[in-house]
There are 2 protein chains.
Amino acid sequence: MTHDTIVTAAALAIGDELLSGRTKDKNIGHLAELLTAAGIDLLEVRIVPDVEERIVEALDALRSRYDHVFTSGGIGPTHDDITADAVARAFGVACVHEDAAMALLSAHYAERGMEFTDARKRMARMPVGATHIDNPVSRAPGFSIGNVHVMAGVPSVFQAMLDQVLPTLPTGIRLISQSVNCPFGEGDIGGPLTAVARAHSDTNIGSYPRFDGKSFSTEIVVRGRDAGAVAAAAAAVEAMLAEVALARQASAG
Amino acid sequence: MTHDTIVTAAALAIGDELLSGRTKDKNIGHLAELLTAAGIDLLEVRIVPDVEERIVEALDALRSRYDHVFTSGGIGPTHDDITADAVARAFGVACVHEDAAMALLSAHYAERGMEFTDARKRMARMPVGATHIDNPVSRAPGFSIGNVHVMAGVPSVFQAMLDQVLPTLPTGIRLISQSVNCPFGEGDIGGPLTAVARAHSDTNIGSYPRFDGKSFSTEIVVRGRDAGAVAAAAAAVEAMLAEVALARQASAG
């Protein structure tokens, strides 16, 4: 498989409130789901505090390694919203009140009879060279620069911005996923499942325990980019489970 | 404030399922809340896939920078559970079937008339020199080695293990937090709030927008380690909000 059929991504969630437990992040799981559906592999996530050095460091690590970086948080109007500055610093460009964003927000607040305060003007700041990500919810745009896509932390706004930016990105071959329910715990099937995984190394087989408070069962998920390979591996898992069930009946009888 | 009054931590969540969106992480938010309550500052979170190199790299970056690293996931009985191996490799020690864990699990499965399969024996593997983190839910222990605490990914087991390990750790001075509700959007108060934040730089003032689908309001959170400083900053925020309200009434009247 050549590199240009795989598109990779990382997520960077920014905010003290995520690290203090005040806010439970909802954006990472949503982003993960939508990227997977779009054929983009999310390969790393980081959460960092509202500290410019930490944001820049994480941005540089992630944007050099992955095709895309999606950030959430820190683009509002208050003093603790420093994501635009950090992104500008990472790219070595100035962070300015961008003309089109100023015009957009000026009109937006005028329509509503609201003052276009200095705080609100902060939301028009972005690195020189950035392009807007439209915000149909509350107007203040996110932005993309290079391979970094900067979005809001409020989940409804994050989701709306992601819906704007995702269709504009080149995507890879979609990962196909097939799930097999297993009534036994991982300890009952771990050995034979390892054998199946080795025999079907053109797929990726994940095993996820479920605990209902009394006993464990397992969800087995086969992932791959070739439909035939995924189907073959899933069939091998099913056959393995049938054998395990038979062996357990025999030993119980 | 001397360094030994601040205790820092990072979280490392391990698992393809978190990055594909199949599983929405519940452990990071829980850990964040409990660490904050215990007086330990969570300063970074990473999520990485079930790839040994990626796990080792993240472990090394985090354990060298923070006082503690808490991991979740990848310690079950199946082929994709490779956290113990990765931690052993990071510490440069062997990963072995540990005697006490083997005895514990052997007795546990014997009691239940369940076979102690090779897969289940995998759950007794840990780096040489590790100490157990008890698992009151499903018995297979987590472990600590150096400043790294390795716990399960299943939330009920993760939480039970965290309850075991947290009381054994030295903690720092607890962060005090005071919340002020603000009926105005961040754009209305961003300017004066910046002034309050500057005047009370011995605290950390966070501003969190809330959006009810129609309009924004704000929660302002003052954090610090000195109760008097936090109370003074919160009072200054309240006074600022009263002034903003007054000014809005005047301009409306």
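Residues numbered from 1 in each chain as written. Chains lettered and ligands numbered in written order. Predicted model: local features only at pLDDT ≥ 70, side-chain atom pairs only at ≥ 80, totals over all residues. Heavy atoms only, no water.

(A) Highlighting the overall build of chain A. Secondary structure summary: chain A contains nine helices and 11 strands in total. Computed over its C-alpha atoms, the radius of gyration of chain A comes to 23 Å, more than 25% above the 18 Å expected for a compact globule of 253 residues. The proportion of buried residues among the 253 residues of chain A is 54%. A sequence separation of at least 24 residues applies to 69% of the contacts in chain A between residues at least 6 apart. A distance of 3 Å separates the average location of the 21 positive side-chain charges in chain A from that of its 31 negative side-chain charges. (Helix = DSSP H or I, 4+ residues; strand = E, 2+ residues; numbered from the N terminus. Rg over C-alpha atoms; globule rule 2.2 N^0.38 Å. Buried < 20%, exposed > 50% of the residue type's maximum accessible area, 1.4 Å probe, protein only. Contact = heavy atoms within 4.5 Å. Lys, Arg positive; Asp, Glu negative; His and termini not counted. Charge placed at Lys NZ, Arg CZ, Asp CG, Glu CD.)

(B) Quick look at the layout of surface pockets. Space inside the second largest pocket adds up to approximately 1000 Å³. Every element with two or more residues in the lining of the second largest pocket is listed here: α1 (16–20), α5 (99–111) and α7 (155–165) of chain A together with α8 (186–199) and β10 (204–211) of chain B. Considering each element in turn, the lining of the second largest pocket owes the most residues, five residues, to β10 of chain B. For the lining of the second largest pocket, a count of residues per class yields 20 nonpolar, 15 polar and 15 charged. (1 Å grid on protein atoms, 1.4 Å probe; cavity = no way out; pocket = protein on both sides within 12 Å on 5 of 7 lines; lining within 4 Å. Points joined across faces, edges and corners; volume = space filled by probe spheres on them. Nonpolar A, V, L, I, M, F, W, Y, C, P; charged D, E, K, R; others polar.)

(C) Just the environment of phenylalanine 116 of chain A, in detail. Mapped onto the fold, phenylalanine 116 of chain A is located in the loop between α5 and α6 (118–122). For the pair formed by phenylalanine 116 of chain A and serine 156 of chain A, sequence separation is 40 residues and the distance between their alpha carbons is 23 Å.

(D) The interface of chain A and chain B, seen in detail. The interface of chain A with chain B comprises 58 residues on the first partner and 57 residues on the second. A per-residue breakdown of the area chain A buries against chain B is headed by Leu19, Arg22 and His79 of chain A, which together make up 13% of the total. Linking chain A to chain B there are eight salt bridges. Across the pair glutamate 219 of chain A and arginine 22 of chain B runs a salt bridge, and its minimum N-O distance is 2.4 Å. Joining chain A to chain B, the criterion identifies 22 residue pairs in polar contact (both at pLDDT 80 or more). Secondary structure elements with two or more residues in the side of chain A that touches chain B: α1, α2 (27–38), β2 (40–48), α3 (52–65), α6, α8 (186–199), β10 (204–211) and β11 (216–224) of chain A. (Buried area = accessible area lost by both parts, 1.4 Å probe. Salt bridge = Lys/Arg side-chain N within 4 Å of Asp/Glu carboxyl O. Polar contact = N/O pair within 3.5 Å; in protein donor to acceptor, adjacent residues only side chain to side chain.)

(E) Fine view of the pairing of strand β11 (residues 216–224) of chain B. Residue and element names in this part refer to chain B. With seven of its nine residues buried, β11 lies for the most part within the structure. Judged from the seven bridges that link them, strand β9 (residues 176–182) and β11 form a sheet pairing that is antiparallel. From the neighbouring strand, serine 179 faces β11, where its bridge partner is valine 221. Pairing geometry for β10 and β11, over eight bridges, is antiparallel. If you follow proline 209 over to β11, its bridge partner there is threonine 218. (Pairing = 2+ DSSP bridges.)

(F) Local environment of empty space enclosed by the protein. All names here are of chain A. Enumeration over the complete set of coordinates arrives at three cavities of 30 Å³ or more. Space inside the largest cavity adds up to approximately 90 Å³. If you go around the largest cavity, the residues you meet are Gly74, Ile75, Gly76, Asp81, Thr83, Ala84, Arg122, Met123, Arg125, Pro141 and Phe143. The class makeup of the residues in the lining of the largest cavity is five nonpolar, three polar and three charged.

(G) Geometry of a nonpolar patch on the surface. Residues and elements named next belong to chain A. A cluster of nonpolar side chains, Val93, Val96 and Val128, forms an exposed patch at the surface whose accessible area comes to about 190 Å². Residue placement: valine 96 occurs in strand β4 (residues 95–97). A relative accessible area of 33% means that valine 96 is categorised as partly exposed. (Patch = residues over 30% accessible without salt bridge, like charges linked within 9 Å, V, L, I, M, F, W, Y side chains within 5 Å. Areas by Shrake-Rupley, 256 points an atom, 1.4 Å probe, with all protein chains shown as cover.)

(H) Representation of the sheet that holds β9 of chain B within the structure. Residue and element names in this part refer to chain B. Taken in spatial order, the three strands make up an open sheet running β9-β11-β10, and their pairing is antiparallel. Of all the strands in the sheet, just β9 and β10 have a single pairing partner and so form its edges. Going across the sheet, the axis of each strand differs from the next one's by a mean of 20°, ignoring polarity. α8 rests against β9, β10 and β11 of the sheet, and its axis sits at about 175° to β10. (Axes fitted to C-alpha atoms, helices over the stretch in contact; angles between N-to-C directions.)

(I) Just the packing of aromatic side chains, in detail. Residues and elements named next belong to chain A. Scanning all chains against the criterion turns up four aromatic pairs over all chains. Both rings, one in phenylalanine 211 and one in phenylalanine 216, keep their centres 4.5 Å apart while their planes meet at 35°; by these two values the pair is tilted. One cation-aromatic arrangement involves arginine 63 over phenylalanine 91; the distance from NZ or CZ to the ring centre is 4.1 Å. (Phe/Tyr/Trp six-rings, centres within 6.5 Å; stacked < 30°, edge-to-face > 60°. Lys NZ or Arg CZ within 6 Å of the ring centre and 35° of its normal.)

(J) Up close: the nonpolar core. Core analysis: the largest hydrophobic core is formed by 118 residues, its most contacted members being Leu12 and Phe70 of chain A together with Leu12 and Phe70 of chain B. Core analysis: the second largest hydrophobic core is formed by 18 residues, Ile189, Val230, Ala233 and Val244 of chain B among them. (Core = buried A, V, L, I, M, F, W, Y, C linked by side-chain atoms within 4.5 Å.)

(K) Representation of α2 of chain A. For α2 of chain A, built from 12 residues, the straight-helix expectation of 16 Å at 1.5 Å per residue is met to within 8% by its first-to-last C-alpha distance of 16 Å. Considered for burial, the residues of α2 of chain A that qualify are Asn27, Ile28, Gly29, His30, Leu31, Ala32, Leu35 and Ala38 of chain A. Check the buried side of α2 of chain A and you find it contacts β1 (7–14), β2, β3 (68–72) and α7 of chain A together with α1 (16–20) and β2 (40–48) of chain B. Positive phi appears at glycine 39 of chain A, one or two residues downstream of α2 of chain A, with a value of about 85°. (Expected span 1.5 Å × (residues − 1).)

(L) Representation of the UniProt feature "domain: MoaB/Mog" (unreviewed entry) in chain A in the model. The sites that UniProt annotates as "domain: MoaB/Mog" (unreviewed entry) are residues 10–172 of chain A. Helix makes up 42% of residues 10–172 of chain A and strand 22%, whereas the separation of the span's terminal C-alpha atoms amounts to 15 Å. (UniProt positions renumbered as here; feature names shortened; annotations may be inferred.)

(M) Quick look at the side chain of glutamate 219 of chain B. Position of glutamate 219 of chain B relative to the elements: it lies in strand β11. Here the side chain of glutamate 219 of chain B touches arginine 22 of chain A through a polar contact of 2.4 Å, side chain to side chain. Reaching out from glutamate 219 of chain B, the side chain makes a polar contact with the side chain of serine 179 of chain B at a distance of 2.3 Å.

(N) A look at the side chain of histidine 149 of chain B. All names here are of chain B. Looking at where histidine 149 falls in the secondary structure, it is placed in strand β8 (residues 148–151). Within the local environment of histidine 149, its side chain forms a polar contact with the side chain of histidine 68, the two groups lying 3.1 Å apart. For histidine 149, the residues in contact, after removing those within four places along its chain, are His68, Val69, Phe70, Thr71, Ile133, Phe143, Ser144, Val165 and Leu169.

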